Amino acid sequence: VYSTSPSTTYTMTVNSSFSVGSDAVFEINKSNSGSQPTVIKIFGDVGIDGVVTETGNNTGSVLELAGTNDGYFYGVETGMENDVSITLNKTGGAIMYSFADIFMSAGANAKLNLTSGVFDMATYAATMIIQNTSTGAVVGGTVGSHIMGPMRRFTNQTAAYVFPVSNSVDQLAKASITPAGTDETEWTVEFIEPNPDDSNGLSTGVIDQVSDYYWNINREGAFPADRSEEHTSELQS
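Per chain, residues are indexed from 1 in the order of the written sequence. Only residues with pLDDT of at least 70 are given local features in this predicted model, and only at 80 or more are side-chain atom pairs given and counted; all residues enter the totals for whole chains, interfaces and linings. Working from all heavy atoms in the structure, the side-chain values ignore hydrogens and water.

Chemist: Which residues make up the environment of T123, and what values do they have?
Modeler: Tracing the sequence through the fold places T123 in the loop between strand 13 (118-120) and strand 14 (128-130). Along the sequence, T123 and S98 sit 25 residues apart, while their C-alpha atoms lie 8.1 Å from each other. The way it works is that DSSP assigns letters per residue, a run of H or I at least four long becomes a helix, a run of E at least two long becomes a strand, and they are numbered from the N terminus.

Chemist: Can you explain the environment of T38? Please cite residues and give values.
Modeler: In this structure, T38 sits in strand 4 (residues 38-42). Given the relative accessible area of 0%, T38 is considered buried. Separated by 29 residues in sequence, T38 and T9 place their C-alpha atoms 5.6 Å apart. In what follows, residue pairs with any heavy atoms lying within 4.5 Å of each other are defined as contacts. The residues touching T38, leaving out its near neighbours within four places in the chain, are Y2, S3, Y10, I28, N29, N58, G60, S61 and V62. With a 1.4 Å probe rolled over the protein chains alone, any residue whose accessible area is under 20% of its type maximum counts as buried; one over 50% counts as exposed, and the rest are partly exposed.

Chemist: Explain the sheet that holds strand 18 (residues 161-166) to me, using residue names and the numbers behind them.
Modeler: An order of 2-5-8-10-13-16-18-19-22 is seen for the 9 strands of this open sheet, with the pairing classed as mixed. The strands lining the two open edges of the sheet, one partner per strand, are strand 2 (18-20) and strand 22 (230-236). Note: two strands are recorded as paired if DSSP finds a minimum of 2 bridges between them.

Chemist: Any details on the side chain of T188? Residues and values, ideally.
Modeler: Take T188: it is sitting in strand 20 (residues 185-192). Here a polar contact is taken to be a pair of N or O atoms separated by no more than 3.5 Å, where protein atoms must pair a possible hydrogen donor with a possible acceptor and residues adjacent in sequence count only if both atoms sit in side chains. For T188, the side chain forms a polar contact with the side chain of R152, separated by 3.1 Å. Non-local contacts of T188, meaning those with residues more than four positions away in its chain, are made with P150, M151, R152, N216, I217 and N218.

Chemist: Summarise unusual backbone geometry; cite the residues concerned and give the values.
Modeler: Both trends apply: most residues other than glycine have a negative phi, and most peptide bonds are in trans. Of note, N82 is a non-glycine position whose phi angle comes to about 60°, a positive value. You can see N82 is positioned in the loop between strand 8 (71-75) and strand 9 (84-90). Assessed through its relative accessible area of 34%, N82 is described here as partly exposed.

Chemist: So what about the pairing of strand 10 (residues 95-98)? Which residues, and what values?
Modeler: Going residue by residue along strand 10, you find I95 and Y97 tucked away on one face and M96 and S98 tucked away on the opposite face as well. With 3 bridges joining them, strand 8 and strand 10 adopt parallel strand pairing. The residue bridging G71 from the neighbouring strand is M96, located in strand 10. Of the pairings in the sheet, the one linking strand 10 to strand 13 comprises 3 bridges and is parallel in character. Bridge pairing in strand 13 links I95 to V118.

In short, geometric facts, not functional conclusions.
Here it is as structure tokens:
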């Protein structure tokens, strides 16, 4: 247990790698109240085979991925529980590579804060999975800080859920999905470029080009009868 305070902000700086063994539980803040940040600021790699959690009612527990060097992240599906957030704060163009799917906690205050740097899920065929159904579970999303590769979000509201994804470090392809119903649904969004079918089978002077990129959107769970979801997207570089 790192902190039991309901009011004092603490930061533990880890200058090298941070790992939690398979039989271990690391509790960031065990207080029964409070929302102040309690931060584990990590400058190296992260490996979670056990559990990182908070078992009280404090909402400020954060793993901050910091520094100016590239890093690597590995976590098991049950590796983060309750209100544990991740802040990506890699500066100077540094990248955080993930070896496997990242299962963000389903806690109501568990957030992915995209401040600086890119989370590369694509290189090792992984997915960023946001289990918190709040529309505010993803904070930020810019050309300078986004997810490279697929992102999956759990939804249960008729409100806009944003997917700040891309397939490169220097552009942002942001999609927004507004579900038609409140039944829990899973959406996976991936931006793909180049499009292998661009210009294939088209007639010159009629339709010369489709697009040099496309979106792959997968939906699992509830399927409202009217299927009237709204989708918007934009590409920035």
